[in-house]
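Survey of secondary and tertiary structure
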Amino acid sequence: MMFKFGLIGYEYDDCLLLLKRRLEDRGHKARILNPTRIPRVVQTAFSPEKMIYDGFDVREGDCYFLSEMGLREPFFHVSYDRELWTKLRGRYLKFAADETANLNFTIAMINILTFFRPIVNPPHIYASRLHYPVHLHRLAGRSFNVPSFMTATTRPDGYDEAVPLNLDEYKNWEVLSFPKKGQADLRLWCKRPGGVKYKLIVMGKRLMDEVLLFPETDKLSQKKPLAGVPEEVVTTALKAAGELDIKFGEVTCVYADHTTWLMGIDPSPDINNLENVHNLGVSSALADYLIDIAANTGR
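Since we're looking at a predicted model, the values are computed, not measured.

Helix and strand counts for the protein chain stand at seven helices and 16 strands. Split into buried and exposed, the 299 residues of the protein chain put 45% on the buried side. Surface exposure of the protein chain reaches about 15600 Å², of which carbon and sulfur atoms provide 51%.

The subject of this paragraph is the pattern of salt bridges. Opposite charge on two side chains permits them to pair, given that their charged atoms come into close proximity. Applying the stated rule across the entire model yields nine salt bridges. Linking R26 and D288 is a salt bridge whose minimum nitrogen-to-oxygen distance equals 2.7 Å. Of this pair, R26 sits in the loop between α1 (14-25) and β2 (29-33) while D288 is found in helix α7 (residues 282-295), placing the two residues 262 residues apart along the sequence. The class for D288 is partly exposed, based on a relative accessible area of 39%. A salt bridge links E210 to K223, with the nearest nitrogen and oxygen atoms 3.8 Å apart. Of the two residues, E210 is situated in strand β13 (residues 210-214) and K223 in strand β14 (residues 222-225); the sequence distance between them amounts to 13 residues. Looking at E210, the relative accessible area reads 26%, which means it is partly exposed.

Moving on to the packing of aromatic side chains. A full pass over the atoms with the stated rule returns three aromatic pairs. With a centroid separation of 5.6 Å and an interplanar angle of 20°, the aromatic rings of Y10 and Y12 are classed as stacked. In this structure, R59 packs its charged tip against the face of F116, placed 3.9 Å from the ring centre. Taking NZ or CZ as reference, K197 lies 5.0 Å from the ring centre of F214, over its face.

Spatially, β2-β1-β6-β7 is the arrangement adopted by the four strands of the open sheet, whose pairing is parallel. Edge positions in the sheet fall to β2 and β7 (119-120), since each has one partner strand and no second. Summarising the sheet, strand β1 (residues 4-8) and β2 pair through five bridges and their orientation is parallel. Considered in β2, the bridge of I8 is made with L33. Against the sheet, α7 makes contact with β1, β6 (63-66) and β7, and its axis sits at roughly 140° relative to β6, the strand it touches most.

Running from N to C, α1 and α7 point in directions that differ by 60°, and their axes come no closer than 9 Å. With respect to their mutual orientation, α1 and α7 come out oblique. In the packing of α1 onto α7, the handedness of the crossing is right-handed. Side by side, α1 and α7 meet where L18, L19, R22 and L23 of the first sit next to S283, S284, L286, A287, L290 and I291 of the second. Of the residues assigned to the contact of α1 with α7, the class counts are seven nonpolar, two polar and one charged.

Before going further, it helps to examine the nonpolar core. Counting 43 residues, the largest nonpolar core has V58, Y198, L200 and V229 as its most contacted members. Looking at which element gives the most residues to this core, the answer is helix α5 (residues 231-243), with five residues. Every residue in contact with V58, bar those within four places of it in the chain, is listed here: L33, M51, Y53, Y64 and L113. In terms of nonpolar packing, the next biggest core, distinct from the first, is built from 31 residues, L7, F65, A285 and Y289 among them.

We now examine unusual backbone geometry. Of note, the amide linkage connecting V120 to N121 takes the cis form, showing an omega dihedral of -10°. For N121, the location among the structural elements is in the loop between β7 and α3 (123-129). Of note, D245 is a non-glycine position whose phi angle comes to about 65°, a positive value. Inspection of the secondary structure assignment puts D245 in the loop between α5 and β15 (248-256). Look at N279: it is not a glycine, yet its phi comes out positive at around 60°.

Each value, and the rule that gives it
Residues numbered from 1 in each chain as written. Predicted model: local features only at pLDDT ≥ 70, side-chain atom pairs only at ≥ 80, totals over all residues. Heavy atoms only, no water. Helix = DSSP H or I, 4+ residues; strand = E, 2+ residues; numbered from the N terminus. Buried < 20%, exposed > 50% of the residue type's maximum accessible area, 1.4 Å probe, protein only. Areas by Shrake-Rupley, 256 points an atom, 1.4 Å probe, with all protein chains shown as cover. Salt bridge = Lys/Arg side-chain N within 4 Å of Asp/Glu carboxyl O. Phe/Tyr/Trp six-rings, centres within 6.5 Å; stacked < 30°, edge-to-face > 60°. Lys NZ or Arg CZ within 6 Å of the ring centre and 35° of its normal. Pairing = 2+ DSSP bridges. Contact = heavy atoms within 4.5 Å. Axes fitted to C-alpha atoms, helices over the stretch in contact; angles between N-to-C directions. Parallel < 35°, antiparallel > 145°, perpendicular 65-115°, else oblique. Left-handed = near helix turned anticlockwise from the far one by under 90°. Nonpolar A, V, L, I, M, F, W, Y, C, P; charged D, E, K, R; others polar. Core = buried A, V, L, I, M, F, W, Y, C linked by side-chain atoms within 4.5 Å.

Listed below in structure tokens is the structure:
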């Protein structure tokens, strides 16, 4: 049986193009829908009877994959003197407000689509991703072992690993040229526990049968079979993904002294990097997972 898949993201994204090719190689149809073009460039309309994107009724798709959500195209990046910025600021903030409305419209449309078709992952997953500390707070509250963390623009004493929060000035809508106190690039700093680091790929209620292992004394990754991973790491990864409602993503754990530390879950991992750099066949496994969802979902 041939299925139709909708891949929501940028049409020039190498990861989406790779996934599209894998689905088509298996005899299915796949179409990329760019949400940043809604509704300014691509005409859309939705009602209880239909949901149109550029002339295509998205309700015709059997299953959808959402690669990213929450950001529009990066804003233009320029520098003005204070006098010129004072004149332009009102118009610029009006443009920013319009972009906010466009984003809310897009999220509404995709949320409505989730009532009719399965989506991996749904929009609310990415809302949490943009606020990465939410993951750690929620998991800590559910008795998972998470590292000590704090946000700061410079490295705090005793903290050794930084996670970008994607809050740079390209995505801020206030004065680009004059950040307060001259500081930018806010990061989440963690105290990384010693031990072996694992990167596992979750697909629904299971994990890919291959994982990446990073020995404590070596930064180079090693591809290992899932069967060789400590059971506690496997169980922790699956439980954490279930707690956050993540159906597809990269789970990072550190294992030492029979304790598993959960470092984070990325619901939008770089598939291209995992394949080309680490030789992990994520796109094929993801394509099979999406096909399985489509085959087991009643229309």
